[in-house]
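# Commentary on secondary and tertiary structure
Spelled out from the first residue to the last, the chains are:
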Amino acid sequence: MELKHDVVIVGAGLAGLRAALEVGDAADVGLISKVFPTRSHSGAAQGGIGAALGNEEPDSWEWHMYDTVKGSDYLADQDAVEILAKDAIRAVYELEHMGVPFNRTPEGKIAQRAFGGHTKNFGEAAIKRACHAADRTGRVILDTLFGEAVRRGIKVYSEFQLLDLVMEANQVAGIVVYELSSGQVRTIKAKCVLLATGGFGKVYKTTSNCFANTGDGVYYAYRAGIPLEDMEFVQFHPTGIYGLGVLITEAARGEGGILRNAEGRRFMEEVAPTIKDLAPRDMVSRAMMTEIREGRGIDRRDFVHLDLTHIGKDRLAEKLSDISSFAKIYLGIDVSTEPIPVNPTCHYMMGGIPTNSDAQVLNEHGQPVTGLYAAGECACISVHGANRLGCNSLVDLVVFGRRAGKKINEDLGDIAWSGAASQAEDRVFDAIARIKDRKKGERTGDIRAAAQQIMTDKCSVFRKEKDLKAALSELRELQERYQEVSIDNLGSRFNTDILEALELESLLGLAEAILVSAMARKESRGAHFREDYPERDDNNWLKHTLIQKTEAEPKIFHKPVTITRFQPKARTY
Amino acid sequence: MEMKLKVFRFDPEADKKTYYSNYTVKAEPWERILDCLNRVKWEQDGTLSYRMSCAHGVCGSDAVKINGRCALACQKLVKDYHGEEVVIEPLPTFKVLKDLIVDLDIFFERVDWIRPYLIASAPPEKERIQSPEDAKKMGESIRCILCACCVGACPISNENEKYLGPAAIVQAFRRIFDSRDKEKAERLKQMDYPDGVWACLNHYECTRVCPKEIPVTKEINLIKAEIKKTTS
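This text gives an overview of the structure that appears in the document. For clarity, every value in this text was computed on a predicted model and none was experimentally measured. (Residues numbered from 1 in each chain as written. Chains lettered and ligands numbered in written order. Predicted model: local features only at pLDDT ≥ 70, side-chain atom pairs only at ≥ 80, totals over all residues. Heavy atoms only, no water.)

## Some remarks on the overall build of chain B
A count of helices and strands for chain B gives nine helices and seven strands. Dimensions along the principal axes, computed over C-alpha positions, put chain B at roughly 55 × 40 × 30 Å. Split into buried and exposed, the 232 residues of chain B put 59% on the buried side. Of all intrachain contacts in chain B linking residues separated by at least 6 positions in sequence, the fraction that spans at least 24 positions is 64%. In the form shown here, chain B has an accessible surface area of approximately 10,000 Å², with 50% of it arising from carbon and sulfur atoms. (Helix = DSSP H or I, 4+ residues; strand = E, 2+ residues; numbered from the N terminus. Buried < 20%, exposed > 50% of the residue type's maximum accessible area, 1.4 Å probe, protein only. Contact = heavy atoms within 4.5 Å. Areas by Shrake-Rupley, 256 points an atom, 1.4 Å probe, with all protein chains shown as cover.)

In structure tokens:
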């Protein structure tokens, strides 16, 4: 059965919802969500949203912009970062007006706290810029935006999975979706499609990401010929609960938490003397892994301690209650008396679908694809460059989600319906039939686990040519094995077995894009650290990577970084 | 250690009757019940259906009944079951769509019905000022993740399908006690009917199972008290 909306938004996290609010009053919009909207992964964001409100101490958007550019290791496009830092202030007030229950200062203003890489006066000292609702900031913003979508009566398709992007020449024609409850495959024709499908941390074994984060939107764009940008930049958050990856927000360090090695030493003092434990994530992750590699992990094992014991029970309850509860539930630890074992966990993808600052998706010639937009983690605008600062992801979502909506409203009248969407579901029918008809074959879970292990072992915080090469060859073997994947569940209702098998194609495709991009970049910058090329090399590599799928090997090419206010210099804290 | 699971099964299109499937999986003591379910599905039986996503208690997807008690499968650990058989069933009260997956349409409709958004006059240029004391009045309600454990566990919801239910009331609480909201009186009126707050008879089951430790019954009673205050 065919459906039709002027505008289809895929993903109902913060970017998708914020865009939907912008479009919903003006046009017929359908919002597609793989889960229920309130279960989107934006809800797992803990620590805060960055904006130079200056409520706790003087601040300016220029300082926020500088921190973002420096944090990105100068790979972010500065025109886009300027929009982010300036508009963050308006965006946070807007969220407050919508009802987000932010923590408050004694005067009743939105409270702010310190976060990694946020500084005053261009790097002088740490600054309180993170607006927060205890440590569940993403969750309450998600609930608030969802409430606004309810108020506007936005049409939501819950538990519908994107399975293809339909394109005709340089224009989008619609999408193909799978209705989980019935197993029906449907085409949704649309003039405009916004991809807001989030990240794909499930490429790695240990990740803070949810199970839904398999990068479907990014992969289907890649498969449709859109080159992906800066895929080598994968952020590892320093403080995942050891073994589980469950996130302990950076706000824990913003509130005074300290990382300690086996000797009890605060090792960040040597790495970043000015801001210590509040250095950007890439630097802290590398510092932790270095401690572990040099035998100073706790009990010589592969974790260090995050010490919150000096913060005090009251402050922990008021500001960090969710993470206190995570530690209690999963480790049986009372964080007010015991340190938390942590190590880096795959957290955020700086790379993704290339867009301009109006969220228009760019093709291989750098030209907008008619009717196609992307926002949020699936997009690469690029405001995060080689390393995203904490609290900038929520800003990115609401600032560029809104801009996407505005641009769609502007463009909608000029876009004609494309005819290409007829029978677009055939390819998906075939893919499902091939898997369901295979009597005996490979299990999805086995191939997925092998791929996640390869990426974790050979392409994480530290990388080198030899490992990346080996990983690529092993991954390609898994892609071969994927051709033999088969499932148990041949039914139609809530068949998550078939969905996981289809998601695996996305994961394998994106893992390859990460590996090939990481092999190509022969320097170290931000989250991409090459042990065989440990220095940043601005002469040769101050440029974005683009990777495009072809019949043979993926094609790598580059585009320049936009630099406006801040020239690259050494990145010390 | 080995975990024995007994899992509720039902596909209304294929099965005449509900039944249970038994599985044995290997699991570490620190692993979650959700990990056990995943092991079943990935290694033994891909026909089993359940919802999950974040796996650490913030998305609310994997609410089920575990050994008779509504809970999130990602918050319950293997070690707490000491090798006993673990019976996993769908949330009670709701219609089963397949295996552990229940129909949440009415649940979300009720949340929508309470108007889960701020109703306020035109905003100032910057933030609306709200004192920390006023912010605290929203209490723990802001922690709600809409997992539906409370409704599943509520004996009243189980008997009276018209009862608004604890989750929608918690959502209403959040707005009633938000000093920025201008519809407090109307919102209280909306709760004031026999199948609204008054259907609650203080069984406290919602409070007992809430994975975010929201004092649900207390919040329902605070609304009752507020209604009494305005009508007396």
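Anyway, onward from the coordinates.
## With respect to the interface of chain A and chain B
Taken together, the contact between chain A and chain B spans 53 residues of the former and 60 residues of the latter. Between chain A and chain B, roughly 5,100 Å² of surface is buried when both sides are summed, and carbon and sulfur atoms account for 53% of that area. The largest contributions to the chain A side of the interface with chain B come from A:R39, A:F211 and A:R493, which together make up 16% of the buried area. Across the pair A:E500 and B:K41 runs a salt bridge, and its minimum N-O distance is 2.8 Å. Between the two partners, chain A and chain B, sit 27 residue pairs in polar contact (both at pLDDT 80 or more). At the level of secondary structure, the elements contributing two or more residues to the side of chain A that touches chain B comprise helix 3 (78–98), helix 4 (137–151), helix 10 (321–331), helix 13 (444–458) and helix 15 (496–520) of chain A. (Buried area = accessible area lost by both parts, 1.4 Å probe. Salt bridge = Lys/Arg side-chain N within 4 Å of Asp/Glu carboxyl O. Polar contact = N/O pair within 3.5 Å; in protein donor to acceptor, adjacent residues only side chain to side chain.)

## What about the sheet that holds strand 5 (residues 125–131) of chain A?
Residues and elements named next belong to chain A. One open sheet holds the three strands; their spatial order is 3-5-4, and the pairing between them is antiparallel. The open sheet has two free edges, formed respectively by strand 3 (49–50) and strand 4 (112–120), since each of these has just one partner strand. Both strand 4 and strand 5 contribute to a ladder of five bridges, which runs antiparallel. The residue bridging T119 from the neighbouring strand is A126, located in strand 5. Where helix 2 (residues 61–71) meets the sheet, it contacts strand 3, strand 4 and strand 5, and its direction lies at approximately 60° from that of strand 4. (Pairing = 2+ DSSP bridges. Axes fitted to C-alpha atoms, helices over the stretch in contact; angles between N-to-C directions.)

## Focus on the environment of B:S49
Turning to its location among the elements, B:S49 is positioned in the loop between helix 1 (33–44) and strand 3 (63–66). By relative accessible area, which is 0% here, B:S49 ends up buried. Taking C-alpha positions, B:S49 is 9.5 Å from B:L37, a pair spaced twelve residues apart along the chain. In this structure, B:S49 is in contact with A:N489, A:R493, A:F494, B:K98, B:D99, B:L100 and B:I101, ignoring residues within four places of it in sequence. Of note is the side chain of B:S49, whose polar atom sits 3.1 Å from the side chain of B:K98.

## Thoughts on the nonpolar core
Counting residues in each nonpolar core, the largest one holds 119 residues, and the members touching the most others are A:L259, A:L308, B:M3, B:F107, B:M191 and B:I223. Setting aside residues no more than four positions away along its own chain, B:M3 makes contact with B:Y23, B:T24, B:V25, B:A27, B:I33, B:C36, B:V78, B:Y81 and B:V86. Counting 85 residues, the second-largest nonpolar core is a separate cluster that includes A:V166, A:A421, A:L499 and A:A513. (Core = buried A, V, L, I, M, F, W, Y, C linked by side-chain atoms within 4.5 Å.)

## What to know about the pattern of salt bridges
Any two side chains of opposite charge can pair if their charged atoms end up close together. Summed over all chains, the structure comprises 79 salt bridges over all chains. Note that A:R443 is salt-bridged to A:D488, the shortest N-O span being 2.8 Å. In this pair, A:R443 sits in the loop between helix 12 (426–437) and helix 13 while A:D488 sits in the loop between helix 14 (465–482) and helix 15, placing the two residues 45 residues apart along the sequence. A salt bridge links B:K79 to B:D80, with the nearest nitrogen and oxygen atoms 3.7 Å apart.

## Side note on the packing of helix 6 (residues 166–176) of chain B against helix 7 (residues 184–191) of chain B
Residue and element names in this part refer to chain B. Remark: helix 6 packs on helix 7, axes separated minimally by 10 Å, with the N-to-C direction vectors making an angle of 160°. It follows that helix 6 is roughly antiparallel to helix 7 by the angle criterion. Crossing hand, helix 6 versus helix 7: left-handed. Residues I169, A172, R175 and I176 of helix 6 form the contact with helix 7, whose participating residues are K184, R187, L188 and M191. Of the residues contributing to the contact of helix 6 with helix 7, the split by class is five nonpolar, no polar and three charged. (Parallel < 35°, antiparallel > 145°, perpendicular 65-115°, else oblique. Left-handed = near helix turned anticlockwise from the far one by under 90°. Nonpolar A, V, L, I, M, F, W, Y, C, P; charged D, E, K, R; others polar.)

## Points about helix 4 of chain A
Residue and element names in this part refer to chain A. The end-to-end C-alpha distance of helix 4, which contains 15 residues, comes to 21 Å, matching closely the 21 Å that a straight helix rising 1.5 Å per residue would cover. Most of helix 4 sits inside the fold, with 14 of its 15 residues counted as buried. Phi turns positive, to about 65°, at G153, one or two residues after helix 4. (Expected span 1.5 Å × (residues − 1).)

## Observations concerning the packing of aromatic side chains
This model, assessed by the stated rule, comprises 15 aromatic pairs over all chains. Ring plane angle 85° and centroid distance 5.3 Å describe the contact between A:Y66 and A:F122, whose orientation is recorded as edge-to-face. Of the two residues, A:Y66 is situated in helix 2 and A:F122 in the loop between strand 4 and strand 5; the sequence distance between them amounts to 56 residues. We classify A:F122 as partly exposed; its relative accessible area is 37%. Summarising the aromatic geometry, the rings of A:F462 and A:F529 are spaced 5.5 Å apart at their centres and angled 85° between planes, so their arrangement reads as edge-to-face. One end of the pair, A:F462, is in the loop between helix 13 and helix 14; the other, A:F529, is in the loop between helix 15 and helix 16 (538–541), and 67 residues separate them in sequence. Overall, A:F462 belongs to the buried group, its relative accessible area being 12%. An aromatic cluster is defined as three or more aromatic residues linked by ring pairs; in this entry it consists of A:F36, B:F94, B:F107 and B:F108. (Phe/Tyr/Trp six-rings, centres within 6.5 Å; stacked < 30°, edge-to-face > 60°.)

## Remarks on the sheet that holds strand 4 (residues 69–72) of chain B
All names here are of chain B. Pairing within the open sheet is mixed, and its five strands lie in the order 2-1-5-3-4. A strand with exactly one partner marks an edge of an open sheet, and here the two such strands are strand 2 (19–26) and strand 4. For this sheet, the mean inter-axis angle between neighbouring strands, taken without regard to orientation, is 35°. Sheet topology note: the strand 3/strand 4 ladder contains four bridges and is antiparallel. Residue pairing across strands places K65 opposite C70, the latter belonging to strand 4. Contacts from helix 1 reach strand 1 (2–9), strand 2, strand 3 and strand 5 (86–89), with the element oriented near 95° to strand 2.

## Considering the environment of B:S141
Residue and element names in this part refer to chain B. Here S141 shows up in the loop between helix 3 (132–136) and helix 4 (149–153). Expressed as a C-alpha distance, the spacing of S141 and C70, which sit 71 residues apart in the sequence, is 19 Å. If sequence neighbours within four positions are ignored, S141 has contacts with V170, F173, R174, I214 and E219.

## Things to note about helix 3 of chain A
Residue and element names in this part refer to chain A. Look at helix 3: 29 Å from first C-alpha to last across 21 residues, which is about the 30 Å you get at 1.5 Å a residue. The sharpest bend along helix 3 measures roughly 40° and falls at A88. Here helix 3 lies mainly inside the structure; 16 of its 21 residues are buried. In the segment just after helix 3, G99 is the residue with positive phi, at about 115°. (Bend = angle between axes of the 7 residues up to and from the residue.)

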